[in-house]
Amino acid sequence: MTTAVYRRILLKVSGEGLMGDADYGIDPAVSRRLAAELREVRELGVEIALVVGGGNIFRGAGLAAAGMDRVTADHMGMLATVMNALALQDALEHAGVFTRVMSAIKINQVCEDYIRRRALRHLEKGRVVVFAAGTGNPFFTTDSAASLRAVEVNADVMLKATKVDGVYASDPVSNPDAERYRRLTYDQVLERKLMVMDATAIVLCRDHALPIQVFDMTRPGALKDVVCGADIGTIVERG
């Protein structure tokens with residue numbers, strides 16, 4: 001029988017990961033497939049939290065680079081993550097999974113405010129919790145928000161969903177011979193400036209000994225394999 005090796009996980013999903021083959025927005029087929037995979041993992045008894053990005057709609061740093069006030073741009077990005085979180089909630093509930101969206105900024109006519117104790121209670125009751133609006137502060141990425149929430153809810157691991165099967169020494173798209181790392185330490189990621197997550201997120205995970213596993217979410221069944229201990233992708237942990 002398939003057995004999970006983690007009790008509680010936090011899955012970081014990028015906004016771009018929800019686009020599918022489109023250039024913008026949310027591909028319903030992608031959100032439905034993700035919901036089905038999350039349901040399979042939930043049926044193993046795993047408690048699931050998610051942090052979702054907003055790059056498929058707005059990216060604060062990109063808007064700021066184009067001349068917009070950075071704080072305003074980041075607030076727009078936070079609202080984009082709320083839209084994505086609501087879309088995931090809808091897909092999950094259509095798949096029969098009880099779900100709650102919790103926002104770091106007050107928007108409680110459409111979802112709950114983030115309160116740590118309430119989030120823990122939702123997880124204990126078997127609900128999937130989707131954390132939206134990043135940390136609620138400008139200048140912090142959703143990667144940093146994922147690390148923060150994972151530490152706050154005592155997750156066993158943070159799973160970073162990407163479109164490639166791990167962390168590479170160089171871009172595997174432009175360099176097909178690029179080396180894929182199976183295991184890295186936090187300090188190696190920082191020293192080699194590997195594009196896993198931003199430095200703030202890596203340091204937070206390092207300081208709390210929270211392992212990170214990077215894997216290819218586009219491969220069907222990959223999430224369940226990771227949760228069941230398959231040696232795929234790249235694991236970042238203490239040396």
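Scroll up a little and you will see the structure.
Residues numbered from 1 in each chain as written. Predicted model: local features only at pLDDT ≥ 70, side-chain atom pairs only at ≥ 80, totals over all residues. Heavy atoms only, no water.

**Considering the packing of aromatic side chains**
Geometrically, a pair of aromatic rings is defined through the distance of the ring centres and the angle of the planes. Put simply, the rule reads: Think of it this way: a Phe, Tyr or Trp ring, Trp meaning its six-membered ring, pairs with another when their centres are within 6.5 Å, and the plane angle makes it stacked under 30 degrees, edge-to-face over 60, tilted otherwise. Helix and strand labels come from DSSP, where a helix needs a run of H or I of at least four residues and a strand needs a run of E of at least two; each type is numbered from the N terminus. In this scheme, Lys NZ or Arg CZ marks a charge over a ring once it lies within 6 Å of the ring centre and within 35 degrees of the ring normal.
This structure, assessed with the given rule, holds one aromatic pair. Ring geometry for Tyr114 against Phe131: centres 5.4 Å apart, planes inclined by 90°, an arrangement best described as edge-to-face. Placement of Tyr114 in the loop between strand S4 (112–113) and helix H4 (116–124) and of Phe131 in strand S5 (residues 128–132) is noted, with a sequence separation of 17 residues between them. The ring of Phe131 has Arg149 sitting right over it, with the charged end atom 5.9 Å from the ring centre.

**Digging into the packing of helix H5 (residues 142–152) against helix H7 (residues 199–207)**
We apply this condition: To obtain an axis, a line is fitted to C-alpha atoms, over the contacting stretch when the element is a helix, and the angle between two such axes runs from 0 to 180 degrees between their N-to-C directions. Orientation categories follow fixed angle ranges, with anything under 35 degrees roughly parallel, anything over 145 roughly antiparallel, 65 to 115 roughly perpendicular, and all other angles oblique. Helix crossings are classified by the rotation of the near helix relative to the far one: an anticlockwise turn of less than a right angle makes the crossing left-handed, while a clockwise turn makes it right-handed. It only takes one pair of heavy atoms within 4.5 Å for two residues to be counted as in contact. Asp, Glu, Lys and Arg are counted as charged, while Ala, Val, Leu, Ile, Met, Phe, Trp, Tyr, Cys and Pro are counted as nonpolar; the rest, among them Gly, fall into the polar class.
Between H5 and H7, the shortest axis-to-axis distance is 7 Å and the interhelical angle comes to 15°. In terms of orientation, H5 lies roughly parallel with respect to H7. Taken as a pair, H5 and H7 cross one another with a handedness that is left-handed. Within the contact between the two elements, H5 uses Asp143, Ser144, Ser147, Leu148 and Val151 and H7 uses Thr200, Ala201, Leu204 and Cys205. Across the contact of H5 with H7, the residue classes tally to five nonpolar, three polar and one charged.

**Focus: the sheet that holds strand S10 (residues 212–216)**
Stated formally: A pair of strands is treated as paired once DSSP finds two or more bridges between them.
The mixed open sheet is built from nine strands, whose spatial order is S4-S3-S5-S2-S1-S6-S10-S11-S9. In the strand order of this sheet, the two ends are held by S4 and strand S9 (183–185), each with one partner. Sheet topology note: the strand S2 (residues 47–52)/S5 ladder contains three bridges and is parallel. Counted as the bridge partner of Leu50 is Val130 from S5. Helix H1 (residues 28–42) contacts strand S1 (8–13) and S2 of the sheet and is inclined by roughly 150° relative to S2.

**Section: the side chain of Asp143**
Inclusion rule: With a 1.4 Å probe rolled over the protein chains alone, any residue whose accessible area is under 20% of its type maximum counts as buried; one over 50% counts as exposed, and the rest are partly exposed. Pairing of N or O atoms within 3.5 Å defines a polar contact, subject to two protein rules: one partner must be a possible hydrogen donor and the other a possible acceptor, and residues neighboring in sequence count only if both atoms are side-chain atoms.
Looking at the secondary structure, you find Asp143 in helix H5. Judged by relative accessible area, Asp143 falls into the buried class, the value being 11%. Side-chain polar atoms of Asp143 contact the side chain of Lys12, separated by 2.8 Å.

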